[in-house]
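This is what each chain is made of:
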Amino acid sequence: MGISTDSPFELLDKEGVSFLQRLQLCFVSFEPPPAQFVGFPNLRKLALHVLNTTSKDLDNILGSCCKLEWLSMVRCHLKDEWKVTQPLSRLHYLRAMHCDITKIDFHGANLSTFVYNGPFIPIALRRVSKLESFSGTTFQHALASLLDGLPDVQNLTLLFSCQWLETRWVLNSPRMFSQLRHVQILLIVSDEDEDKIMYLVSFLRAAPFIEKLEVHFLGLPTLWFANDGPLRQEIPTSEYKYVNLKNVRVTGFRGARGQIEFLVHVVENAPAIQVVTVDTTQRLTDAYDPYEATPTLDSAALDMVRGPLLKRLPSHAKLSLFKIDR
């Protein structure tokens with residue numbers, strides 16, 4: 001059921017509310033519900049889009065949704081924390097996109113998927129032990145928040161700009177993602193931040209048990225063969241290796257120093273590596289925004305990384321190099 005109105009409660013009688021299982025509310029105001037309102041006792045899926053309400057009123061409404069399994073909030077501007085005091089024990093999917101909120105605070109013992117797109121904020125997902133997937137636009141200075149709220153996440157997708165990377169090493173932290181197995185990083189690189197790529201290592205050191213790593217670069221033409229940034233020998237030594245890492249995939253490869261040094265560092269510290277894939281195609285954009293093919297640049301970039309990787313890969317490992325096919 002979808003509703004677009006100033007106040008949804010005036011359209012829902014007690015009997016109708018009790019039968020609702022799916023509800024989409026767009027451009028609505030959540031004012032304090034009338035005294036006779038009993039909540040949504042059988043609601044399983046709730047989508048909120050452009051919602052005008054307060055944190056307290058939203059907490060009261062969601063607290064009445066004891067059977068809620070799927071919850072999405074898009075472009076809702078609470079200008080306050082999004083907190084649900086009542087545990088949502090059946091909730092397995094939670095999404096917050098482009099919302100003006102200061103914190104996310106949930107109890108969700110069975111939450112398995114969390115999607116967030118927005119600025120850096122504290123994230124507290126309490127008593128969450130089954131979270132398998134997180135997608136969001138946060139990074140290094142939010143690392144502590146991720147570890148606080150998502151310490152047991154198994155699959156992590158991060159979309160962020162290189163400008164958010166700090167040009168300092170954050171290594172040997174006693175806290176880490178102990179359950180994280182698959183990491184996908186979507187990295188936007190501007191011409192001013194081409195020297196920061198190697199600082200991705202700071203994040204990997206907090207995820208020592210990953211098995212699959214994907215890094216998808218999106219850069220300007222200046223990223224081709226950019227000769228900026230630290231060498232891997234400048235990384236402070238650490239006892240940690242990526243002992244479970246078997247599969248590494250990099251797209252948007254441009255032969256930049258940071259990309260080469262990052263790849264070689266990972267291979268040197270992944271004793272169980274089985275497959276390394278390097279692709280010059282920018283998977284984030286080339287599918288829908290093609291540009292003129294550059295076969296000469298593609299081949300030259302791949303030639304720069306072929307030798308260093310083959311020299312360090314174990315004999316049983318497979319190296320696959322792909323260039324843009326136009």
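Residues numbered from 1 in each chain as written. Predicted model: local features only at pLDDT ≥ 70, side-chain atom pairs only at ≥ 80, totals over all residues. Heavy atoms only, no water.

Undergrad: What am I meant to see in the sheet that holds strand β5 (residues 80–83) here?
TA: The strands making up a sheet are joined through hydrogen bonds of the backbone, oriented either antiparallel or parallel. The parallel open sheet is built from three strands, whose spatial order is β5-β7-β9. If you trace the sheet from one side to the other, it starts and ends with β5 and β9 (123–126), each paired once. Strand-to-strand twist in this sheet, taken as the mean axis angle between neighbours without regard to direction, amounts to 15°. As judged from the four bridges shared by strand β7 (residues 101–107) and β9, these two strands associate in the parallel manner. Along β9, the bridge assignment pairs D105 with A124. (Pairing = 2+ DSSP bridges. Helix = DSSP H or I, 4+ residues; strand = E, 2+ residues; numbered from the N terminus. Axes fitted to C-alpha atoms, helices over the stretch in contact; angles between N-to-C directions.)

Undergrad: Just checking my understanding: could you explain unusual backbone geometry for this structure?
TA: Of note in this structure, V50 is not a glycine but carries a positive phi near 55°. Mapped onto the elements, V50 comes out in strand β3 (residues 45–53). According to the relative accessible area criterion, V50 is partly exposed, its value standing at 27%. In this structure, F225 takes a positive phi of about 55° despite not being glycine. (Buried < 20%, exposed > 50% of the residue type's maximum accessible area, 1.4 Å probe, protein only.)

Undergrad: Help me understand the pairing of strand β4 (residues 70–74), please; the structure alone is not making it clear to me.
TA: Side-chain positions along a regular strand alternate between the two faces of the sheet. Extensive coverage of β4 is indicated by the burial of five of its five residues. Residues W70, S72 and V74 of β4 are buried on one face, and the alternating residues L71 and M73, pointing to the opposite face, are buried as well. Of the strand pairs in this sheet, β3 and β4 are connected by five bridges, and their pairing is parallel. What sits directly across from L48, in β4, is M73.

Undergrad: Looking at this model, I keep getting lost on the packing of aromatic side chains. Mind explaining?
TA: The tally for this structure, following the rule as stated, stands at four aromatic pairs. Ring geometry for W70 versus Y93: centroids 5.0 Å apart, planes at 5°, classification stacked. Of this pair, W70 sits in strand β4 while Y93 sits in strand β6 (residues 93–97), and the two are 23 residues apart along the sequence. Take W70 and Y93: they sit in the same class, and that class is buried. (Phe/Tyr/Trp six-rings, centres within 6.5 Å; stacked < 30°, edge-to-face > 60°.)

Undergrad: What am I meant to see in the pattern of salt bridges here?
TA: When their charged atoms lie close together, side chains carrying opposite charge are able to pair. This structure, assessed with the given rule, holds 11 salt bridges. E214 serves as the salt-bridge partner of R249, at 3.8 Å between the closest nitrogen and oxygen. Taken together, the residues span a long stretch of sequence, with R249 in strand β14 (residues 247–251) and E214 in strand β13 (residues 212–219) at a distance of 35 residues. Under the relative-accessibility criterion, E214 is labelled buried at 8%. Members of the salt-bridge network, linked through shared partners, are R232, E261, E268 and R312. (Salt bridge = Lys/Arg side-chain N within 4 Å of Asp/Glu carboxyl O.)

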